[in-house]
Every structure is written in structure tokens, then in C-alpha cells.
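Structural overview
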Amino acid sequence: MYKITESENLLTVNKIIDLRSDTVTRPDIKMRQAMFEAEVGDDGYGEDPTVNRLENRAAQLFQKEAAIFLPSGLMGNLVSMIVHSKHRGSEVIVGSKSHILLWEQGGASQIGSLQLREVKNLPDGTFDILDLNEKLRPESPDPHEPYTSVVCIENTHNTCGGTVLPLKWIDELSNKLKKEKIPLHMDGARVFNAAVSLGVPVSRIVRDCDSVTFCLSKGLGSPIGAVLVGSKSFIQQARRTRKVLGGAMRQAGVIAAAGLYALENCVERLADDHRRAKSIACAIQEIASPNFTCNLNLVQSNMLIININVSKVNVSDFIQKLLLIDKNELLDSNLNKTHSTIVKVSQLSSDSVRIVLHKDISEQDVNIAIEKLKYVISRF
Ligand SMILES: Cc1ncc(COP(=O)(O)O)c(C=O)c1O
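Now for a description of the structure that goes with this document. All of these numbers come straight from a predicted model, not from anything done at the bench.

What counts, and at which threshold
Residues numbered from 1 in each chain as written. Predicted model: local features only at pLDDT ≥ 70, side-chain atom pairs only at ≥ 80, totals over all residues. Heavy atoms only, no water. Helix = DSSP H or I, 4+ residues; strand = E, 2+ residues; numbered from the N terminus. Expected span 1.5 Å × (residues − 1). Buried < 20%, exposed > 50% of the residue type's maximum accessible area, 1.4 Å probe, protein only. Polar contact = N/O pair within 3.5 Å; in protein donor to acceptor, adjacent residues only side chain to side chain. Core = buried A, V, L, I, M, F, W, Y, C linked by side-chain atoms within 4.5 Å. 1 Å grid on protein atoms, 1.4 Å probe; cavity = no way out; pocket = protein on both sides within 12 Å on 5 of 7 lines; lining within 4 Å. Points joined across faces, edges and corners; volume = space filled by probe spheres on them. Nonpolar A, V, L, I, M, F, W, Y, C, P; charged D, E, K, R; others polar. Pairing = 2+ DSSP bridges.

Another aspect to go through is helix α2 (residues 49-62). Compared with an ideal rise of 1.5 Å per residue, which puts 14 residues at 20 Å, α2 spans 20 Å between its outermost C-alpha atoms and is within 8% of the ideal. Regarding α2, the residues found buried are Thr50, Val51, Leu54, Glu55, Ala58, Ala59 and Phe62. Between the side-chain oxygen at the start of α2 and the backbone nitrogen of Thr50 there is a gap of 2.9 Å, and the oxygen is on Asp48. Just downstream of α2 lies Gln63, where phi reads positive at about 50 degrees.

Take the nonpolar core next. Ranked by size, the top nonpolar core spans 53 residues in total, and within it Phe69, Phe192 and Phe214 carry the most contacts. In terms of residue count, the dominant contributor to this core is helix α11 (residues 253-265) (7 residues).

Here Asp273 shows up in helix α12 (residues 270-287). With a relative accessible area of 0%, Asp273 lands in the buried category. For Asp273 and Val366, which are 93 residues apart along the polypeptide, the C-alpha to C-alpha distance reads 9.9 Å.

Over the atoms, a rolled probe matching the size of one water molecule traces out where space is still vacant. For the structure shown, the criterion picks out 3 cavities of 30 Å³ or more. Of the pockets and cavities examined, the largest cavity occupies roughly 60 Å³. Lining of the largest cavity is provided by Gly95, Ser98, Ile100, Asn121, Gly125, Phe127, Cys152, Ile153, Glu154, His157 and Asp187. Looking at the lining of the largest cavity, the element that brings in the most residues is strand β7 (residues 148-154), giving 3 residues. Looking at side-chain class alone, the lining of the largest cavity contains 4 nonpolar, 5 polar and 2 charged residues.

On strand β8 (residues 184-187), burial covers both faces: Leu184 and Met186 on one face and His185 and Asp187 on the other are all buried. Pairing of β7 with β8 involves 4 bridges; the strand directions are parallel. Counted as the bridge partner of Ile153 is Met186 from β8. By the bridge criterion, 3 bridges tie β8 to strand β9 (residues 211-215) in an arrangement that is parallel. Bridge pairing in β9 links Asp187 to Thr213.

Rendered as C-alpha cells:
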């Protein structure tokens with residue numbers, strides 16, 4: 001039980017519905033059992049059978065030659081940018097709202113001696129290929145110019161609210177980059193959400209990507225880990241780079257087992273998260289509040305963004321009210337179900353919050369969260 005103080009009263013919170021991120025899940029008993037039973041060895045010698053199985057399975061699912069297991073998605077992206085860049089000072093092109101640009105501490109420059117150049121993201125997570133074209137700098141003899149070493153795209157797109165990149169756009173982009181001989185990397189932290197949303201295998205989505213990172217510790221529910229896939233020679237280089245970043249592990253089969261379990265058992269259920277994200281978004285739209293809106297067209301996977309009219313509502317005040325239970329709430333007959341429940345959401349920008357569905361949120365939790373959101377919204 002979790003206690004929270006509100007000015008004059010102290011109310012006991014019996015239930016916390018945590019919608020901040022799909023990274024908050026806890027491994028269930030079957031996943032823990034798989035971890036407990038994992039065969040292990042020293043992965044430094046390539047002798048951890050479970051890690052090897054996970055890497056082979058990932059390569060097979062993505063239809064790439066090889067794969068490497070890493071501690072995090074960030075490390076997968078950083079390793080990729082470094083390996084794709086043959087020259088110090090190369091330029092990596094990323095979307096203006098990409099995780100790599102906004103949330104990875106500038107690792108490309110801090111650690112990789114690379115510079116990030118942004119191309120404006122459109123609301124659906126894509127960007128204008130003509131706009132990109134102006135920014136590409138294939139290897140030229142001009143000593144003033146950095147070379148473009150790789151273009152990175154993100155799928156699903158986190159800051160755009162979990163949007164799924166259209167296959168047609170990826171095809172068009174990859175054709176363009178092939179002509180320029182510039183590699184394409186996908187930050188596919190949630191690429192399985194994209195695959196479930198489109199109803200296609202992940203291998204189709206990444207068909208023309210030279211490298212892809214995906215996370216096991218987001219919607220798939222593992223406690224840790226990401227995998228990077230690509231060609232044999234790319235992954236060989238990635239192993240060297242992972243080592244120097246301190247990401248090489250030893251008996252990592254214990255955590256790889258969770259990843260393998262997730263790949264086999266937790267992909268199909270992502271559809272439930274998508275459906276639930278849509279129900280919350282629809283419920284918010286149904287309130288028809290001028291101060292809280294969701295763009296339903298952009299609710300394409302397990303996330304939704306609530307846009308807030310900041311001339312009327314203070315975003316942190318809204319988040320805070322979801323974390324409190326007031327006396328009126330307990331008296332409201334509609335809210336008996338939400339009795340002593342708080343809902344956690346995260347601030348996405350100065351005028352929006354993000355809600356993320358995941359495996360530890362049930363249908364009943366969704367209904368309760370909707371009631372709580374309705375109640376709090378009605379107070380503004
Ligand atoms: C789109 C995207 N890429 C990469 C990452 C980084 O993953 P990790 O937290 O495993 O480093 C995240 C994490 O939230 C993400 O949302």
C-alpha cells in the first residue's frame with residue numbers, strides 16, 4: 001500500500017494504475033521460471049547457449065544475418081551509429097523528435113565523435129524525403145563537409161505518440177538511401193507494436209533497413225535488454241563496440257531467457273494494449289472538453305497523447321490531481337470503482353501528457369483509469 005498526503009487529509013491508496021511507460025512492467029511467474037531454468041555460460045567466449053539462442057531467434061525473425069544482445073536500446077542505437085560511421089565527425093541524420101536526438105544524452109557526439117543533424121518530424125513520425133534530400137551529404141571531396149554516415153528512423157515513434165511508420169514511406173526512403181549508398185538504421189524499440197498494428201511480420205517492416213535495434217524491456221515485458229540485428233560483418237563490428245562501451249556481459253542467459261520467452265509469448269498480446277489505448281483516447285474525446293483532446297488518428301499502438309489547453313490548465317496540476325484522491329471523489333457514486341485509485345501518467349511536453357498501455361494493465365484497470373481521468377478532467 002502506498003500513502004500520499006494531500007493538504008488536509010491523508011487517504012490510503014489501494015491501487016496504483018501506472019500508465020507512465022511500458023517499461024514499468026514486472027516479469028510474471030512464467031518469465032521468471034524461464035530465467036531460473038536458463039542454461040548459461042560465458043558470453044565473452046560466445047558460450048552462453050541462451051544468449052546464442054536469443055540472437056539466432058532474433059536474426060531469424062528479422063531475416064537478417066546476425067544479431068547481438070545488449071543491455072539497452074540506447075546502447076543498440078549508439079553502437080549502430082558508431083559502426084555505420086567510418087569517419088570521425090560524420091553526420092547522423094535523425095528526426096527532430098527522435099529518441100536518439102532528444103533522450104540519449106547526445107551519445108553520438110559525446111562518445112562516438114559524430115554529429116547529429118535533424119530533419120523535421122511530421123506528426124506521424126515520418127519526415128519529408130525532399131527535406132531529407134537537402135541534408136544528405138554523400139562522401140564528396142570537399143574537405144569542408146562532414147559525410148552523412150547513416151539515417152535513423154524510429155518505429156513506432158515514441159514522442160509522436162506511438163505512431164507507426166507507413167511501409168510505403170519506409171520503402172520510398174530506403175530506395176532513396178540505397179541510391180546514395182547511405183545506410184538506414186531503425187530505432188525499433190517498439191517495432192513489434194508496429195508489426196502488430198500493421199498485421200505484418202517484423203521482417204517486412206525492416207526489410208530494407210541495414211540495422212535495427214529493438215527492445216525486449218518495453219511492450220514485450222522483459223526486465224532488461226535489447227537486440228541489434230544486421231549483416232554478419234556489421235554485427236561483428238558491433239561486438240567490438242559493445243565491448244568498449246562496457247556492454248559485454250557474461251552469464252547473460254539469465255536475462256536472455258526472459259527475452260526469448262517474451263519473443264515467443266508476448267507479441268500477440270500487444271494488440272490488447274493497442275485496443276486499450278484507443279478506448280482511453282475515445283473516452284477522453286467523448287468528454288468533449290475544450291481543454292483536453294486526443295488526436296484519434298495518431299493513436300496507432302499502445303500510447304496516446306492528451307493535448308492540454310495550457311491557457312486554462314496547468315499540466316503538472318493535472319498530473320498531480322491524478323495522483324490524489326479527494327473526498328468528493330469518494331462520494332461520487334460513479335466513482336465507487338475508482339475508490340482509492342491513483343493514475344500515473346507522464347508529461348511529454350509543456351502542453352501534453354503521455355499514456356502508455358502495457359501487459360500489467362488489465363481491462364478492468366483501463367475502465368477504472370477512464371473513470372478517474374473523466375473525474376479529474378471534469379474538475380478543470
Ligand atoms: C524509441 C526509443 N528508443 C530507444 C529507447 C532507449 O531504450 P533503453 O531505455 O532500453 O535504453 C527508448 C526508451 O524509452 C525509446 O522509447
